[in-house]
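# What the coordinates show
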Amino acid sequence: MLAQRGTLLLWVPVFLAVGVSIWFALRVEPGAGAYWAAGLAAAFLLLLGLRAGDAVSPFFLACCLVLAGFLLAGARAHLVSAPVLGFRYYGPIEGRIVALDRSSSDKPRLTLDRVVLADMHPDRVPRKVRISLHGAQGFVVPEPGLTVILTGHLSSPSGPVEPGGFDFRRMVWFKSLGAVGYTRTPVLVLAPAEEGRAGLGVFRTRMALSEAIRSRVPGDAGGFAAAILAGDRSAMDHDVVEALRNSNMAHLLAISGLHMGLLTGVVFAGLRAILSLYPWLALRFAIKKIAAMAALAAGAGYLALSGGSVSTERALVMVAVMFGAVLLDRRAVSLRSVAIAATLLLCWSPEALFGPGFQMSFAATTGLVAVFGWLRDHPGVLARVPRWGMPALTVLISSAVAGAATAPFGAAHFNRIADYGLIANLFSVPVMGALVMPSAVVAAVMAPFGLEWIPLSVLRLGLEWILLVAETVSGWEGAVTHVVAPGRAVLPCLSLGVLVFLIWRGRGRFLGLAGVAVAGALWLTAERPPVLIADTGGLVGVMGPEGRTVSKPRGDGFSALTWLENDGDGADQATAAGRPGFVGPKGDRTTILDGGVSLRHLTGRGAVDRLQEGCGADIVVINTSVERLPRTGCRLVTPETLRRSGALAVWPEAEGVRILSVRDTEGARMWSP
């Protein structure tokens, strides 16, 4: 333990994250007594840590940090607490537009606050709702602050589509989003945007900037430019986004460390170069520190205009630590700066720990800092590389390290690996650094003089090249490999193993490789549930020799797509429905599971009448309410039972079936119904 002095700061975010994870893993909501006990225990451990010797105090402080993470997660969840709609609502909806984006089906989507619902007390109305716009629209041009009225459907955010799956309702709980839905009727204006613009100044500026960019940079390049400069993806075509994902270039869409580093780097280097042209200034003032402060201010402005995503916040904290080190004449880039950034973000938004943005962003940053730090400490490794070849080699190493570091997290969250991602990034990242971001900075400087069109023309060429690379690489045969979703223990085990290897001093670091090996073994042996039942009762998926087959080609599409992706299956719902497994007419499908257990799925009109004639199977799933049970006994799954349990996973066994529900895995938490 004494040998670890100097690296203990790097463990602070790790133990905070352990405490956050423990709080989220609980199946019941902790009460006030649990928080008081945790707080008192943390204070006691902190006191012990401060008074104990150097060889023992880190153990007490580590336990204190775990309890601190537990308390931070609980405090954050209660601070953002807001009403959640507890039933299906159809009727008039009034609210102020506070966000614009697109749904997974590529439909425009509005997020509203100041919500008013018919015949509901204000205390029960959700703080925010999100509505997808279907049908004939175009009567209103959505803009920040506009108060609109519409007739639509709302319901509470849905839970995981399978036990152990991604919990959407937990994610939106921390955004105070209490209902989601859609409308097929026109959206109408109730009050102009000027009356609702209070508190939306940054959002309005972002949208104005996005519109200005798209008016000067037409086509897909304009939508791309708006996404990376203003954080507005609403104009991005769905096929373009898919091409970027399949070529491992979707990180260029997220305003992250790459963009923040390039922007602040251009400002820092450019301003320092300009100031150095004036000897009177250069000899009397610390122009390096002046340039660092200007670059930091530019980064803060970029964060505000980009919408403040987790990756952007992390990037700004990293930049702030880096330029803070410049101001203090310390080493700017180190694992300490990464640890400080992670600690601050976990304190600010503990729930970010489970998002792909946080995980992939810190994985890439940690990997890059560790590798280039090792190369800095071992200069002989690259001693034979000519100076003219260093930029190309740096890009190659950066792309390879960042790709390798983020690959397991991207595969775990998105169930795909872009096999040619390294090639795509080698041809695109240099263009982003040499053309796109410098052009954006120059455009901002020249905009007051009406000359921004000159650098924006260069920016457009760079983005069109990047899109061409994405389209080309994603179209290659075998560009994407689909992978099975890992169990919940895989990513924590992998992360802790890598961190032990990178941080620990001494031979004990090689124990981290054992953690990586265990994670790999768990992933390779991951098994998918043989049977999955959607929480609506409207879809059943059964694993067969050709992959999972689903009981119908349409309906409950999100559940079907998620099941197939988690299986590592690239098929769509219609293809999966055509696989062998289910027999029978539409609305009355039957399948035989392993062990001879039969399952029947009833949907549509007449489903209840067909059930009353007899079960016809050991397990019957129906998507219609049943008031009178059939005379013959069977295991019946109805919307009422699913409303209490959530989606189900079924395993046929020798003595019958084993059923696991979402409620079994998630428990009863404040975001659960």
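Structure first, text after, so check above.
Structure report, in brief. (Residues numbered from 1 in each chain as written. Predicted model: local features only at pLDDT ≥ 70, side-chain atom pairs only at ≥ 80, totals over all residues. Heavy atoms only, no water.)

## A closer look at the layout of surface pockets
When its volume is computed, the second largest pocket comes out at roughly 630 Å³. For the lining of the second largest pocket, the elements supplying multiple residues, two or more each, are helix H5 (201-216), helix H8 (257-276), helix H10 (287-306) and helix H15 (421-446). By residue number, the principal contributor to the lining of the second largest pocket is H15, which donates seven residues. Partitioned by chemical class, the residues of the lining of the second largest pocket number 22 nonpolar, two polar and two charged. (1 Å grid on protein atoms, 1.4 Å probe; cavity = no way out; pocket = protein on both sides within 12 Å on 5 of 7 lines; lining within 4 Å. Points joined across faces, edges and corners; volume = space filled by probe spheres on them. Helix = DSSP H or I, 4+ residues; strand = E, 2+ residues; numbered from the N terminus. Nonpolar A, V, L, I, M, F, W, Y, C, P; charged D, E, K, R; others polar.)

## Quick look at the packing of helix H14 (residues 390-414) against H15
At a minimum axis distance of 9 Å, the contact between H14 and H15 shows a crossing angle of 130°. Put simply, H14 runs oblique to H15. Considering the relative orientation of H14 and H15, their crossing is right-handed. Mapping the contact onto sequence places Val395, Leu396, Ser399 and Ala400 in H14 and Leu422, Asn425, Leu426 and Pro430 in H15. Residue composition of the contact of H14 with H15, by class: six nonpolar, two polar and no charged. (Axes fitted to C-alpha atoms, helices over the stretch in contact; angles between N-to-C directions. Parallel < 35°, antiparallel > 145°, perpendicular 65-115°, else oblique. Left-handed = near helix turned anticlockwise from the far one by under 90°. Contact = heavy atoms within 4.5 Å.)

## What to know about a nonpolar patch on the surface
Among the surface-exposed residues, Ile423, Phe427, Trp465, Leu468 and Trp476 lie close enough to one another that they form a single nonpolar patch of about 490 Å² accessible area. Elements supplying a minimum of two residues to the nonpolar patch: H15 and helix H16 (453-474). Locating Trp465 in the fold gives a position in helix H16. (Patch = residues over 30% accessible without salt bridge, like charges linked within 9 Å, V, L, I, M, F, W, Y side chains within 5 Å. Areas by Shrake-Rupley, 256 points an atom, 1.4 Å probe, with all protein chains shown as cover. Salt bridge = Lys/Arg side-chain N within 4 Å of Asp/Glu carboxyl O.)

## Regarding the pattern of salt bridges
Inspection of every chain in the model, using the stated rule, returns 18 salt bridges. Its salt-bridge partner being Asp588, residue Arg600 comes within 2.8 Å of it at the nearest N-O pair. Here the residue Arg600 occupies a position in strand E13 (residues 598-602), and Asp588 occupies one in strand E12 (residues 588-592), the gap between them amounting to twelve residues. When sorted by exposure, Arg600 lands in the same class as Asp588, which is buried. (Buried < 20%, exposed > 50% of the residue type's maximum accessible area, 1.4 Å probe, protein only.)

## Regarding the packing of aromatic side chains
The relation between two aromatic rings is expressed through the spacing of the ring centres and the mutual angle of the planes. Within the structure shown, the criterion is met by 13 aromatic pairs. Between Phe268 and Phe323, the aromatic rings sit 5.4 Å apart at their centres with planes inclined by 45°, giving tilted as the arrangement. Of the two residues, Phe268 is situated in helix H8 and Phe323 in helix H11 (residues 310-327); the sequence distance between them amounts to 55 residues. Since its relative accessible area comes to 3%, Phe323 is described here as buried. A connected cluster of aromatic rings, assembled from ring pairs, spans Trp23, Phe24, Phe174, Phe354 and Trp671. In this structure, Arg170 packs its charged tip against the face of Phe354, placed 4.9 Å from the ring centre. (Phe/Tyr/Trp six-rings, centres within 6.5 Å; stacked < 30°, edge-to-face > 60°. Lys NZ or Arg CZ within 6 Å of the ring centre and 35° of its normal.)

## Concerning the side chain of His601
With respect to the secondary-structure elements, His601 resides in strand E13. Note on His601: relative accessible area 3%, which makes it buried. One polar contact links His601 to Ser551, side chain to side chain, over a distance of 2.9 Å. Those residues in contact with His601 that sit more than four places away from it in its chain are Gly537, Gly538, Leu539, Val540, Ser551, Gly587, Asp588, Arg589 and Val621. (Polar contact = N/O pair within 3.5 Å; in protein donor to acceptor, adjacent residues only side chain to side chain.)

## Topic: the environment of Pro192
Tracing the backbone shows Pro192 in the loop between strand E6 (188-191) and H5. On the accessibility criterion, Pro192 (38% relative accessible area) is partly exposed. Sequence separation between Pro192 and Glu143 is 49 residues; the distance between their C-alpha atoms is 9.5 Å. Every residue in contact with Pro192, bar those within four places of it in the chain, is listed here: Gly145 and Leu146.

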